[in-house]
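# Structural overview for review
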Amino acid sequence: MRIAMIGAGYVGLVSGACFADFGHSVCCVDKDPAKIEALEQGRIPIFEPGLAELVATNVREGRLSFATDLSQAVQSAEAVFIAVGTPSRRGDGHADLSYVYQAAREIAAAMDGYTVVVTKSTVPVGTGDEVERIIRETRPDADFAVVSNPEFLREGAAIADFKRPDRIVIGTEDERAEAVMNEIYRPLYLNQAPILAMCRRAAELTKYAANAFLATKITFINEIANLCEQVGADVQDVARGIGLDNRIGSKFLHAGPGYGGSCFPKDTLALIKTAQDFEAPIRIVETVAAVNDQRKRAMGRKVIAACGGSVRGKTVAVLGLTFKPNTDDMREAPSLDIIRTLQDAGAKIRAYDPEGMEAAKGMLQDVEYARDAYDCAKDAHALAIVTEWNMFRALDLERLKKSMAEPVIADLRNIYRAEEVRRRGFTYVSVGRV
Ligand SMILES: NC(=O)c1ccc[n+]([C@@H]2O[C@H](COP(=O)([O-])OP(=O)(O)OC[C@H]3O[C@@H](n4cnc5c(N)ncnc54)[C@H](O)[C@@H]3O)[C@@H](O)[C@H]2O)c1
C-alpha cells in the first residue's frame, strides 16, 4: 500500500514508521521544515524509545520518506492519514480543528484516483462528516471515502502499542474503504489484534470515551488517596485490593500528582464540550477535569507542607518534568503547576529531567537546570519526585542526605518505601500513604 501520513509528530511519525515496517511505502509530511530537515538528516525530533532505529531501518530500505509538501505523496497514495494536532481551542476548551480542516483542503486539492482519507487525529464526533464536506466542496469530482481510525498508542511505549494494539478501531460504512484499511493493518492479523468495524461516529466517540474513562480511573484513585491520608490507610493496598477484581483491573490505579500530557486534559475537555452541545452532559467527566485541575497545585502545597509550611528562600529540587517517563513531552505536565505553586510561595527551583529540560525551558521561568539527580539535590531543602523515571527509583539515599541542606523528600509517585527512607533520617511524604 502507498500511504501518505500528514503530520509527523508523536503519532504521525510512529504510525508512519510502523506502517513502513509492515512493508507499506510511506511518506510522512509535515509543515514544519525543521522537523523534516532533521528527519532527512537522520535525526529524530522527539524522544520515543526505539523510534530512531525503526526510522533509520525503514528509510534505508526505501519504504519511508519525508516531505514538507503533501501534493506528490497524496497524489500517489491509496490512503492518506491525517495525524495533525487537535489542541484545546483557546477560551472554550473545544478541540481546535483548524489543522485538520486545513489538511483536508490540501489533501483534496492533491488527490488523484480513489483515495481513503483517514483521520487518526483525535477529533470530536461529526468531524469526519465535515472533512468529507470540505473535500467534496474543494473537489466535487473526487472519488474518496473518509474513515475514522483513532490512535490509542501511549508515548513512551508507542511502537509496542502500535504493533501490538489491544484493538484497532475502524469507523466507516464504505466497503471499499474498509477493504483498504484491512489491507493496511493485515500484518497485525498475525498477532490477532481485533479489528473493530463500526460507524464513523462511534469510532470518533470511542477514542474520547476511552481517554475520559482512563482519566476518571486515575482521578478516582487520587481522591481515594486523599481519603487514605486522612484515615491512615495505604492507597497502594486499596488499589491492589480493588484492581485484582477483573471488572476493575489494576492499571491506571496509581495515585499521583494528577494526569497531564498531550491527550487526557484536552480530550476530557473536548468531550465535555461536545456532550454539552448535544444536551447530554457527562457530569462525571466534568468533575474529573475539575478535580484534576485542582490537584496539581495541591501537590505543590503538599511539598510546601513537607518543608514545614514555608519554602520562602528555600531551594526545592524537582526530579522529573515530563508528564510521564520515557517521553520528552511537556504538554500539560503536572510539574508545570507544581513548580509555579512553589515559586509563588517563594521557593527557588532546581530541576532535572533526562529528556524534558529543553522543552521545559520554553515553558517555565527562573528554573535552574541540573546535570543529574545528585547535582539537582545539592544544598536543596527538599527533593520532590514528580515523574517516575527509572533512574530515580534507586537513588543513593545516603549520598543525597549528605548533600542536601535539609533531608526532605516529597515522593509524588510513591516510588520509595516510606519506612526505608525515614529510617535514613529523611522527612518523607508520599501520596495516599501515611
Ligand atoms: N501524543 C499522543 O500520545 C497521542 C496518542 C493518541 C492520539 N493522539 C492524537 O493524535 C493527534 C496528533 O498528536 P501528536 O501528539 O502527534 O501531535 P504533534 O503536535 O506532535 O504533531 C502534529 C504535527 O502535525 C503537523 N501539522 C499540522 N498541520 C499540518 C498540515 N496541514 N500539514 C502537515 N503537517 C501539519 C505539525 O507541524 C506537527 O508536527 C492529536 O489529535 C492527538 O490528540 C496523540
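About the criteria used
Residues numbered from 1 in each chain as written. Predicted model: local features only at pLDDT ≥ 70, side-chain atom pairs only at ≥ 80, totals over all residues. Heavy atoms only, no water. Helix = DSSP H or I, 4+ residues; strand = E, 2+ residues; numbered from the N terminus. Rg over C-alpha atoms; globule rule 2.2 N^0.38 Å. Buried < 20%, exposed > 50% of the residue type's maximum accessible area, 1.4 Å probe, protein only. Contact = heavy atoms within 4.5 Å. Areas by Shrake-Rupley, 256 points an atom, 1.4 Å probe, with all protein chains shown as cover. Expected span 1.5 Å × (residues − 1). Axes fitted to C-alpha atoms, helices over the stretch in contact; angles between N-to-C directions. Parallel < 35°, antiparallel > 145°, perpendicular 65-115°, else oblique. Left-handed = near helix turned anticlockwise from the far one by under 90°. Nonpolar A, V, L, I, M, F, W, Y, C, P; charged D, E, K, R; others polar. Pairing = 2+ DSSP bridges. Polar contact = N/O pair within 3.5 Å; in protein donor to acceptor, adjacent residues only side chain to side chain. Core = buried A, V, L, I, M, F, W, Y, C linked by side-chain atoms within 4.5 Å. Near = heavy atom within 4 Å.

## Some remarks on the overall build of the protein chain
Looking only at helices and strands, the protein chain has 17 helices and 14 strands in total. Scaling as 2.2 N^0.38, a compact globule of 434 residues should have a C-alpha radius of gyration of about 22 Å, and the protein chain matches this with 23 Å. The principal-axis extents of the C-alpha atoms in the protein chain amount to approximately 75 × 50 × 45 Å. Counting every position in the protein chain, which comprises 434 residues, the buried fraction comes to 54%. Considering only contacts in the protein chain between residues 6 or more positions apart, those separated by 24 or more positions represent 73%. Looking at the protein chain as shown, the accessible area adds up to about 19400 Å², and 49% of this sits on carbon and sulfur atoms.

## Comments concerning helix α1 (residues 10–22)
If you check α1, its first and last C-alpha atoms are 18 Å apart, about what 13 residues at 1.5 Å a residue would give, namely 18 Å. Counting buried residues along α1, eleven of its 13 residues qualify, which places the element largely inside the surrounding structure.

## What about the packing of helix α12 (residues 283–306) against helix α13 (residues 334–344)?
At their nearest, the axes of α12 and α13 sit 8 Å apart, and the two run at 50° to each other. Regarding the angle of α12 to α13, the classification is oblique. In terms of crossing hand, the pair formed by α12 and α13 is right-handed. Contacts between α12 and α13 involve K296, R297, M299, G300, R301, V303 and I304 from the first element and P334, D337, I338, R340, T341, L342 and D344 from the second. Grouping the constituent residues of the contact of α12 with α13 by class yields six nonpolar, two polar and six charged.

## Examining the sheet that holds strand β9 (residues 315–319)
As summarised here, the arrangement of the six strands in space is β11-β10-β9-β12-β13-β14, forming an open sheet in which the pairing is parallel. At either margin of the open sheet sits one strand with a lone partner, and together these are β11 (367–369) and β14 (427–429). Each strand of the sheet is rotated relative to its neighbour by a mean of 20°, with strand direction disregarded. Of the pairings in the sheet, the one linking strand β10 (residues 348–352) to β11 comprises three bridges and is parallel in character. Bridge pairing in β11 places R350 opposite E368. On the sheet, α13 packs against β9, β10 and β11 and is oriented at approximately 155° with respect to β10.

## Overview of the side chain of N211
Inspection of the secondary structure puts N211 in helix α9 (residues 200–231). According to the relative accessible area criterion, N211 is buried, its value standing at 6%. Engagement of the side chain of N211 in a polar contact is seen with the side chain of D267, the distance being 2.8 Å. For N211, the residues in contact, after removing those within four places along its chain, are C263, F264 and D267.

## Some points on the side chain of T315
Relative to the elements of secondary structure, T315 occurs in strand β9. Residues contacting T315, with those up to four places away along its chain left out, are K348, R350, D379, A380, H381 and A382.

## Here's the deal with the nonpolar core
Formed by 61 residues in total, the largest nonpolar core has its most connected members in V316, I349 and L400. Once you skip the residues sitting within four places of it in the chain, L400 turns out to touch Y374, A377, L383, L395 and F426.

## Section: the site of the ligand
As a matter of local geometry, the ligand sits amid 26 residues, with D30, K35, T86, E155 and K266 nearest to it. At 2.5 Å, a side-chain N or O of T86 approaches an oxygen atom of the ligand. Note that a nitrogen atom of the ligand is positioned 3.4 Å from one of the side-chain N or O atoms of S262. Relative to its unbound accessible surface of 830 Å², the ligand loses 90% to contact with the protein. Secondary-structure elements contributing two or more residues to the shell around the ligand are α1 and α5 (98–110). Partitioned by chemical class, the residues of the shell around the ligand number nine nonpolar, seven polar and ten charged.

## A few points about α13
Three or more residues of α13 are buried, namely P334, S335, L336, I338, I339, T341 and L342. Looking at the buried residues of α13, the elements they touch are α12, β9, β10 and β11. Positive phi appears at G346, one or two residues downstream of α13, with a value of about 95°.

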